[in-house]
Amino acid sequence: MITIDVIKSFRTDIEDYDSLEITKIESGHINQTYEVRDKTLAGTFRGHYIFQRINTNIFKDPVGLMNNIMLVTEFAAKTAVAAGKDPKTNTLTLMKSVQDKVYYVDGEGYYWRCYLFLPNSVNLDVVEVTPNTYVQAGGALADFQRMLADFDASKLCEVIPGFHDTRNRFKNLKKAIEENRSGRASQCEEEIKFALSLENITGTVIDRLRDGRLPLRVTHNDTKLSNIMIDNDNHEVLCLIDLDTVMPGSALYDFGDALRAGGSSAAEDEADLSKVKFLELNFEKYCEGYIGGARDFLTSEELDLLPEAAAILTYECGIRFLSDFLDGDTYFSTKYPEHNLVRARNQFKLVRDILGNLDRLHAIANKFR
Ligand code: GN1
Ligand code: MG
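How each quantity is defined
- Residues numbered from 1 in each chain as written.
- Chains lettered and ligands numbered in written order.
- Predicted model: local features only at pLDDT ≥ 70, side-chain atom pairs only at ≥ 80, totals over all residues.
- Heavy atoms only, no water.
- Donors = N, O, S within 2.8 Å, 3.2 Å for Na, K, Ca; no water.
- Helix = DSSP H or I, 4+ residues; strand = E, 2+ residues; numbered from the N terminus.
- Near = heavy atom within 4 Å.
- Polar contact = N/O pair within 3.5 Å; in protein donor to acceptor, adjacent residues only side chain to side chain.
- Areas by Shrake-Rupley, 256 points an atom, 1.4 Å probe, with all protein chains shown as cover.
- 1 Å grid on protein atoms, 1.4 Å probe; cavity = no way out; pocket = protein on both sides within 12 Å on 5 of 7 lines; lining within 4 Å.
- Points joined across faces, edges and corners; volume = space filled by probe spheres on them.
- Nonpolar A, V, L, I, M, F, W, Y, C, P; charged D, E, K, R; others polar.
- Domains from an automatic or database assignment.
- Expected span 1.5 Å × (residues − 1).
- Buried < 20%, exposed > 50% of the residue type's maximum accessible area, 1.4 Å probe, protein only.
- Contact = heavy atoms within 4.5 Å.
- Phe/Tyr/Trp six-rings, centres within 6.5 Å; stacked < 30°, edge-to-face > 60°.
- Lys NZ or Arg CZ within 6 Å of the ring centre and 35° of its normal.

Participant: Summarise the coordination of the magnesium ion (ligand 2); cite the residues concerned and give the values.
Facilitator: Protein coordination at the magnesium ion (ligand 2) comes from Asp-222 (OD) and Asp-242 (OD), with a distance range of 1.9 to 2.1 Å. Taken together, the residues Asp-222 in the loop between β7 (217-219) and β8 (228-231) and Asp-242 in the loop between β9 (237-240) and β10 (247-249) connect sequence positions 20 residues apart.

Shown next as structure tokens:
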């Protein structure tokens, strides 16, 4: 829970600490997020913030992580200014602590950060989601990658080493199966068999990134709709949020991860697999927005592998859920004992759909090149 001490530890323009409205935001599996506003300043753009407690079980180097976010938000602010925009309404702005840092460590050793609340903004998934929403989401990713194309990726630390090293995720799965720490391996034999049968796709992106066939770029690594902020009135994209996993990587990670979430007809933890389908229309719309906005800076190798990326990133997330199920749910938060297994099955259904339709998906993507 957030305390007044934490709120007072940042230099904000909150005036009345007795009139705070504090709302816990429940989306996200990792950090704790609170919207905080000074009710006496309602109707102005002042006194309104997002506070987050960083999960240091997962982000082991919170100082490095905050340095990444600081560099990227400062760069985004400069880009906004150069385009004649107000950075405070178009990009994320980190507040400084009273110790002049972009984070604050509370008495219990928890790391906190504070952002200005983006005025008049909502998450893209809050408005009615139509196929055209995916054109917009694809365009937002293209703009994000373009904006950071001139940013020196080597300045950023790798917040979670090997985050999308699918070969390593596969190795971790094998270890989780061998160790079977939860004793649940017998409950998921089918899923284990399926996961192990796809070792051949684990090197497609990471091997090319390592040997230079794919370029290293600044990537966001969590490009779902709820991480895209739009203007509540004209519904234009403002910026991407959730910059925890901004790291050097492949553009294909972001494209694939966006389709993992946005290509599905159902929630990530829908248990009824008859409701879980990979929607070609969403893929097509996302390609229209993304390739339309990024084709001049993407290489042909990147453009060639977009459908594979959707399969690989979905598979990777599936094996992460399965590994966590086998480990006894130590990473992702779960609401019931089979939650991670349900998520893994759900992701594997999508992987089957994508791999079964690769030729058609290539034809779709190629229309926009
Ligand atoms: C985690 O907490 P959230 O939803 O932002 C995870 C992503 C997964 C996602 C699956 C740092 O993200 O990689 O794709 O869950 N983030 C981390 O829902 O592991
Ligand atoms: Mg995230």
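After that view, the rundown keeps rolling.
Participant: How would you explain the site of ligand 1 if you had to name every residue and give the values?
Facilitator: As a matter of local geometry, ligand 1 sits amid 17 residues, with His-29, Lys-224, Glu-268, Arg-320 and Tyr-331 nearest to it. Residue Ile-30 places a main-chain N or O atom 3.4 Å away from an oxygen atom belonging to ligand 1. Interatomic distance of 2.6 Å between a side-chain N/O atom of Lys-224 and an oxygen atom of ligand 1. Protein chains bury 94% of the 450 Å² of accessible surface belonging to ligand 1 in isolation.

Participant: Would you mind going over the layout of surface pockets in detail, with residue names and values included?
Facilitator: Within this model, the second largest pocket holds a volume of roughly 600 Å³. What lines the second largest pocket is a set of 24 residues, and nearest its centre among them are Arg-169, Asn-172, Asp-327, Thr-330 and Tyr-331. Taken together, the elements giving at least two residues each to the lining of the second largest pocket come down to α5 (166-179) and α11 (306-327). The class makeup of the residues in the lining of the second largest pocket is nine nonpolar, seven polar and eight charged. Two domains share the lining of the second largest pocket, each providing at least three of its residues, namely domain 1 (4-59 + 93-117) and domain 2 (124-366).

Participant: So what's going on with helix α4 (residues 131-147)? Residues and values would help.
Facilitator: The end-to-end C-alpha distance of α4, which contains 17 residues, comes to 25 Å, matching closely the 24 Å that a straight helix rising 1.5 Å per residue would cover. For α4, every residue scored as buried is listed here: Thr-133, Tyr-134, Ala-137, Gly-138, Gly-139, Ala-140, Leu-141, Ala-142, Phe-144, Gln-145 and Met-147. Those residues of α4 that are buried are in contact with α2 (62-82), β7, β8, β9, α8 (251-262) and α9 (280-294).

Participant: Any chance you could break down the packing of aromatic side chains for me, citing the residues and the numbers?
Facilitator: Under the defined criterion, the tally for this structure stands at 14 aromatic pairs. Pairing Phe-10 with Tyr-104 gives two aromatic rings, centres 6.4 Å apart and planes at 75 degrees, and the pair type is edge-to-face. One end of the pair, Phe-10, is in the loop between α1 (4-8) and β1 (20-25); the other, Tyr-104, is in strand β4 (residues 104-105), with 94 residues separating them in the sequence. Taken together, Phe-255, Phe-278, Phe-283, Tyr-286 and Tyr-290 form an aromatic cluster joined through their ring pairs. Over the aromatic face of Tyr-110 sits the side chain of Arg-53, whose NZ or CZ is 3.5 Å from the ring centroid. Over the ring of Phe-194 we find Arg-352, and its NZ or CZ is 4.2 Å from the ring centre.

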